[in-house]
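A closer look at the structure
Here's the letter readout for the chains.
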Amino acid sequence: MLELTRLTKSFGGIKAVTDVSMTIRPGEVVGLIGPNGAGKTTVFNLIGGFFHADSGRVTWNGADITRLSPHEICKRGIARTFQITRPFNGLTVAEMAAAGALNHLATIEDARAFAAEVLDLLHLGDKSGRFGRDLTTPERKRLELAKALATKPSLLLLDEVMAGLLPAEVDELLSILRTVHARTGTAILVVEHVLHAVMSFCPRIVVLNFGCKLAEGTPAEISRNEEVIKAYLGRAYEVAQPDETLDR
C-alpha cells in the first residue's frame, strides 16, 4: 500500500534522512523507533507532504505522491497526528472531529454523525460539547487521534501519541488503539518512545539511527539486534525468548 524508496532529506548541510526504504501493507501495524534526531518525524513529514524529499519516492497504492501537498495526501487516505496537541480553542470536540470528517463527507450533518461515532470509539463521546482547552492531557491525545481518524484514513500515522502519559494512561490508549485497528482495519505507522507499547502493539518494527535505516524485524528480533541495543534500546531490552519481549 505504501512504499518509501530511498528517501533522502537535508536541512542545510545536515542530512535528516538518508536512503530510507520501507513498505506498509494494507491493515498492517508497524513501529518506527530510534533515538532523538534519528529522522522519524522527518519520515512522517515526507509521507504526509509537509516536507518534500530531495531524492527518492513515496508511492501510495501504486501512485507517486512524493510532491503532493498535505491536503491532497489526506484526500487519498493518509492522516497523521502530531506530538504537540493544538486543538482549535474556539471549537468544541465534536466540531473538531466533524471538520476532519468533511474530508470524505459532503454535508455537515453526515460529518457530525460520523464524528460522533469516532468520538464514542475513542471514549470521548461525553466530552463532545467541551472545548479543547478544557480537556486533560490524555483526552487531548485522544482528540488528536479523533481528528485524524475522522478523515477515514487507510493509513494512520501516529507521532508519539503516548508521550507525557502515565503508565495506566498508556495502557488505556493501547487498548483503544487495538479496538480501532480491529474495527476499522486501518493500517498504522507508529513513532513512539514508550518502548513497551511499541513492542506489544507492533508486529513489525523499523529502526532509524542518524537518518538511516538500522534494522527491521519483529519485536523479538529487534530486541536482540546488537546494533539496535547499542544505538537505542540498551541492555534492558536484550531478552532470551521472543514471548518475553512481547510481555514487556
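Residues numbered from 1 in each chain as written. Predicted model: local features only at pLDDT ≥ 70, side-chain atom pairs only at ≥ 80, totals over all residues. Heavy atoms only, no water.

Topic: the nonpolar core
Membership of the largest hydrophobic core comes to 50 residues, with the highest contact counts inside it found for M162 and I222. Not counting chain neighbours up to four residues away, the residues in contact with M162 comprise V170, L173, L174, L177, E192, V194 and A197. By size, the runner-up hydrophobic cluster in this structure holds 28 residues, among which are L7, A53, W60 and L157. (Core = buried A, V, L, I, M, F, W, Y, C linked by side-chain atoms within 4.5 Å. Buried < 20%, exposed > 50% of the residue type's maximum accessible area, 1.4 Å probe, protein only. Contact = heavy atoms within 4.5 Å.)

Topic: the environment of R57
Within the secondary structure, R57 sits in strand 4 (residues 55-60). What makes R57 partly exposed here is its relative accessible area of 36%. Along the backbone, R57 and G234 are 177 residues apart, and their C-alpha atoms lie at a distance of 33 Å. Filtering out sequence-adjacent residues up to four positions away, R57 remains in contact with E3, L4, T5, L7, D64 and T66. Side-chain polar atoms of R57 contact the side chain of T59, separated by 3.3 Å. (Helix = DSSP H or I, 4+ residues; strand = E, 2+ residues; numbered from the N terminus. Polar contact = N/O pair within 3.5 Å; in protein donor to acceptor, adjacent residues only side chain to side chain.)

Regarding the sheet that holds strand 1 (residues 2-11)
Read from one edge of the open sheet, 4 strands run 2-1-4-5, paired in antiparallel fashion. With one partner strand each, in any of the chains shown, strand 2 (14-24) and strand 5 (63-64) form the two edges of the open sheet. The pairing of strand 4 with strand 5 spans 2 bridges and is antiparallel. Within the sheet, the bridge partner assigned to T59 lies in strand 5 and is D64. (Pairing = 2+ DSSP bridges.)

So, the side chain of E139
Tracing the backbone through its elements, the reader meets E139 in helix 5 (residues 137-149). Within the local environment of E139, its side chain forms a polar contact with the backbone nitrogen of T136, the two atoms lying 3.0 Å apart. If we ignore the near neighbours within four places in the chain, the residues touching E139 are L124 and K127.

Concerning the pattern of salt bridges
A pair can form between side chains of opposite charge whenever their charged atoms are brought close. All chains considered together, the criterion is met by 9 salt bridges. Residues E28 and R25 are paired through a salt bridge, measuring 2.9 Å at the closest nitrogen-oxygen approach. Under the relative-accessibility criterion, E28 is labelled buried at 12%. On the accessibility criterion, R25 (48% relative accessible area) is partly exposed. The partner of D159 in a salt bridge is R80, with the nearest N and O atoms 3.2 Å apart. (Salt bridge = Lys/Arg side-chain N within 4 Å of Asp/Glu carboxyl O.)

Structural notes on helix 1 (residues 40-48)
When you tally the buried positions in helix 1, you get 8 out of 9 residues, the bulk of the element. Those residues of helix 1 that fall on the buried side of the exposure criterion are K40, T42, V43, F44, N45, L46, I47 and G48. Phi turns positive one or two residues past the end of helix 1, at G49, with a value near 85 degrees.

Considerations on the packing of helix 3 (residues 93-101) against helix 4 (residues 108-121)
Each pair of packed helices gets described by two things: the angle between the helix axes and the distance between those axes. Direction vectors running N to C along helix 3 and helix 4 enclose 115 degrees, while the axes themselves pass 8 Å from each other. By the angle between their directions, the pair helix 3 and helix 4 is classed as roughly perpendicular. At the point where helix 3 passes helix 4, the crossing takes the right-handed sense. Residue-level contacts link V93, A94, A97, A98 and A101 of helix 3 to I108, A111, R112, F114, A115 and L119 of helix 4. (Axes fitted to C-alpha atoms, helices over the stretch in contact; angles between N-to-C directions. Parallel < 35°, antiparallel > 145°, perpendicular 65-115°, else oblique. Left-handed = near helix turned anticlockwise from the far one by under 90°.)

Things to note about the side chain of E28
By secondary structure assignment, the location of E28 is in the loop between strand 2 and strand 3 (29-33). Separated by 2.9 Å, the side chains of E28 and R25 make a polar contact.

Re the pairing of strand 4
Where strand 1 meets strand 4, 5 bridges bridge the pair, whose relative direction is antiparallel. What sits directly across from L2, in strand 4, is W60. From the end of strand 4 to the start of strand 5, which pair antiparallel, there are 2 residues, and N61 there has a positive phi angle of about 50 degrees.

Describing the layout of surface pockets
Roughly 640 Å³ of internal volume is contained in the largest pocket. What lines the largest pocket is a set of 25 residues, and nearest its centre among them are F50, R80, F82, E144 and K147. Secondary structure elements with two or more residues in the lining of the largest pocket: helix 1, helix 2 (70-76), strand 6 (78-80), helix 3, helix 5 and strand 7 (155-159). Per-element tally for the lining of the largest pocket: the top contributor is helix 2, with 4 residues. For the lining of the largest pocket, the residue count by class is 13 nonpolar, 7 polar and 5 charged. The space that makes up the second largest pocket amounts to roughly 240 Å³. If you trace the second largest pocket, you find it lined by F114, E117, V118, L121, L149, K152, P153, R183, T184 and T186. The set of elements that each furnish at least two residues to the lining of the second largest pocket consists of helix 4 and helix 6 (167-184). For the lining of the second largest pocket, the element with the most residues is helix 4, which contributes 4 residues. (1 Å grid on protein atoms, 1.4 Å probe; cavity = no way out; pocket = protein on both sides within 12 Å on 5 of 7 lines; lining within 4 Å. Points joined across faces, edges and corners; volume = space filled by probe spheres on them. Nonpolar A, V, L, I, M, F, W, Y, C, P; charged D, E, K, R; others polar.)

By themselves, these observations are geometric and do not establish any function.
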